[in-house]
Structure formats: C-alpha cells, structure tokens
Amino acid sequence: MNTLTAFTRWLENGGRTIGQIAITRSGEGWELRHADDAGELQTFTRWQDARTLATLDDAGAFRPIKTTNDLRHGWRIVLSTVAEVVRALDYFYPAMLGLWTADARGELTPTDLRDTLARQTGMYRITQKLTDEQAQALIGRQCSRCLKTMLWRIAPAQPITSLPPEKHQRAAFPLLCREACNLLVGLARGVVKEATSPESSTAAASPPA
Ligand code: SF4
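Residues numbered from 1 in each chain as written. Predicted model: local features only at pLDDT ≥ 70, side-chain atom pairs only at ≥ 80, totals over all residues.

(A) A look at the domain arrangement of the protein. The domains assigned to the protein are domain 1 (3-104) and domain 2 (113-197). Placing a centre on the C-alpha atoms of domain 1 and another on those of domain 2 gives a separation of 26 Å. On the side of domain 2, 12 residues touch domain 1, which itself brings 15 residues to the contact. For the side of domain 1 that touches domain 2, the elements supplying multiple residues, two or more each, are β1 (17-18) and α4 (96-104). Here the element with the most residues in the side of domain 1 that touches domain 2 is α4; it accounts for four residues. Among the residues forming the side of domain 1 that touches domain 2, the class breakdown is eight nonpolar, six polar and one charged. (Domains from an automatic or database assignment. Contact = placed C-beta atoms within 7 Å. Helix = DSSP H or I, 4+ residues; strand = E, 2+ residues; numbered from the N terminus. Nonpolar A, V, L, I, M, F, W, Y, C, P; charged D, E, K, R; others polar.)

(B) Structural detail: the packing of helix α1 (residues 3-12) against helix α3 (residues 82-92). Orientation of α1 relative to α3, taken along the N-to-C sense of each, is 105°, at an axis distance of 10 Å. With respect to each other, α1 and α3 are oriented roughly perpendicular. Facing α1, whose interface residues are Thr3, Leu4, Phe7, Thr8 and Leu11, α3 presents Val82, Ala83 and Val86. Its residues assigned to classes, the contact of α1 with α3 comprises six nonpolar, two polar and no charged. (Axes fitted to C-alpha atoms, helices over the stretch in contact; angles between N-to-C directions. Parallel < 35°, antiparallel > 145°, perpendicular 65-115°, else oblique.)

(C) Just the site of the ligand, in detail. In the vicinity of the ligand, the residues found are Ile65, Thr67, Gln142, Cys143, Cys146, Lys148, Met150, Cys177, Ala180, Cys181, Leu183 and Leu184. For the shell around the ligand, the class distribution of residues is nine nonpolar, two polar and one charged. (Near = placed C-beta within 6 Å.)

(D) Expanded view of the packing of helix α6 (residues 132-142) against helix α7 (residues 182-196). At a minimum axis separation of 11 Å, α6 and α7 run at an interaxial angle of 135°. With respect to α7, the element α6 is oriented oblique. Relative to α7, α6 is oriented so that their crossing is right-handed. On α7, the residues touching Gln134, Leu138 and Gln142 of α6 are Leu184, Leu187, Ala188, Val191 and Ala195. Split into classes, the residues belonging to the contact of α6 with α7 amount to six nonpolar, two polar and no charged. (Left-handed = near helix turned anticlockwise from the far one by under 90°.)

(E) Main features of α3. Listed as buried for α3 are Glu84, Val85, Ala88, Leu89 and Phe92. Viewed end-on, α3 has its buried residues packed into an arc of 135°, placing them on one side of the element. Here the buried face of α3 lies against β1, β2 (21-26), β3 (29-34), α2 (49-55), β5 (75-79) and α4. (Buried ≥ 20, exposed ≤ 12 C-beta atoms within 10 Å, placed from the backbone. Arc of directions from axis to C-beta.)

(F) The arrangement of unusual backbone geometry in detail. For Ala95, which is not a glycine, the phi torsion comes out positive at approximately 70°. With respect to the element layout, Ala95 can be found in the loop between α3 and α4.

(G) Fine view of the sheet that holds β3. Reading across the sheet, the five strands line up as β1-β2-β3-β5-β4 and stay open at both edges, with mixed pairing between neighbours. This sheet does not close on itself; its edge strands, each paired only once, are β1 and β4 (42-44). Taken together, the six bridges between β2 and β3 define a ladder with antiparallel strand orientation. Note on β3: the bridge partner recorded for Ala22 is Arg33. On the sheet, α3 packs against β1, β2, β3 and β5 and is oriented at approximately 145° with respect to β5. (Pairing = 2+ DSSP bridges.)

(H) Representation of the pairing of β5 within the structure. When β3 meets β5, the two strands line up antiparallel, connected through four bridges. Residue pairing across strands places Glu31 opposite Val78, the latter belonging to β5. Between β4 and its parallel partner β5, the chain crosses via α2, and the hand of that crossover is right-handed. (Right-handed = clockwise from strand over helix to strand, strands pointing away.)

(I) Representation of the environment of Thr3 in the model. In this fold, Thr3 is placed in helix α1. The spatial distance from the C-alpha of Thr3 to the C-alpha of Leu97 is 6.6 Å, given a sequence separation of 94 residues. Discounting residues that sit within four places of it in the chain, Thr3 has contacts with Val86, Leu97, Gly98 and Thr101.

Structure follows, in structure tokens:
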C-alpha cells in the first residue's frame, strides 16, 4: 500500500493528530492547524505554505529539526484534497509519512548509534570516541525535545535509558526515528571534543575551589 492510500485509510478510520498538528474536515476539504490553537488564525490555502510555517518557532528562531516540540502557533492551512494534506505534512514532518508506511509494511530497519558513528568520516570520525555515558546524557538532553519515537539503541545489548519508556513506544501516528540524526551526531562531536580538549583535562585535574 502506498503512502497516500495508507494515509487516506488512516483519516477514514478517524485519525486526526500527527505530532503537534490537528487535522479536521473543512467543507469538502481539510484543515491543518497547531493542535493547541483555536479561534482566529491566519489562513493559508497552499500546501507549499507549510514549508515556511515549519521553518521558525514562535520566537522566530530557526528549527533545525522539524520534529521538535516547538511548532509555531497562529495559522491554519485549508486544503482541497488528501494528496495536498500529505504534501503539507511532508514539509511539516519531512519523510515521516514514508517511514510510517514502510514501518507498517515491516520494512523499516533501525540503525543503532554505534553503527551510525562507525560510518562517520572526516571531522565526524571523532564521534566514535563518544562514551556510553556521554551518549546517554546527550540523547537524554537532545531527544527529549523531539516528538519522534526512537527505534534505535546505543548498541544491540544497550538500550537508551536516559529517556522515559514512552519515547520508545509508537504513538497512534508515530513519527519515527530510525537512526541518530545529523544534529545529534554533530552534538556528539562537540561532546567528545570538549571532553578531550587540554582545557578540560586541566579543569578535571584541578582541585575544586
Ligand atoms: S536523534 Fe532522532 S529523536 Fe533524537 S533529536 Fe534527532 S531526530 Fe529526534
């Protein structure tokens, strides 16, 4: 079953919320809005508008990951067809509908963190030195702001323990994380570099004041 067919069936079965977005009927068409919003909202009528709406948060800051829990408020997009809804959702939550469909077909294979880091080259090769403890702390900090259900572990015998169990359980319409994103890998580089810098060894060796 392709994504459009699967998503149409999901809507027909009463599915109405994806991440922070509520989907409702609007005449013969559909309306998308932030799930927290009600009342007067700025109206858009093109699925392409989702791209702009997904870019910045309420404070105007860039959202490097579109699945963090800071989708801006104050808008509604009115669309005519389910195909347009799918396109808009692909801007709000890139690749998520495709992964959802692949997961339903049993075709989604997660990649554990150690495998993701093992294939890093150049300036990111240093991330292979990330300790398990550093990985748990980093994931606990960064991924707790993200709405995705995490399917990967640190290594086969090493689950992620720094996030609540719900973070690993599929929601009604799960946004799926099948491997560590580029942002997390970039932050892992920063953690390793900081931990191995001469300043940090000096600081670690210095007695507390
Ligand atoms: S690794 Fe996955 S869950 Fe964590 S922030 Fe990146 S996309 Fe979200």
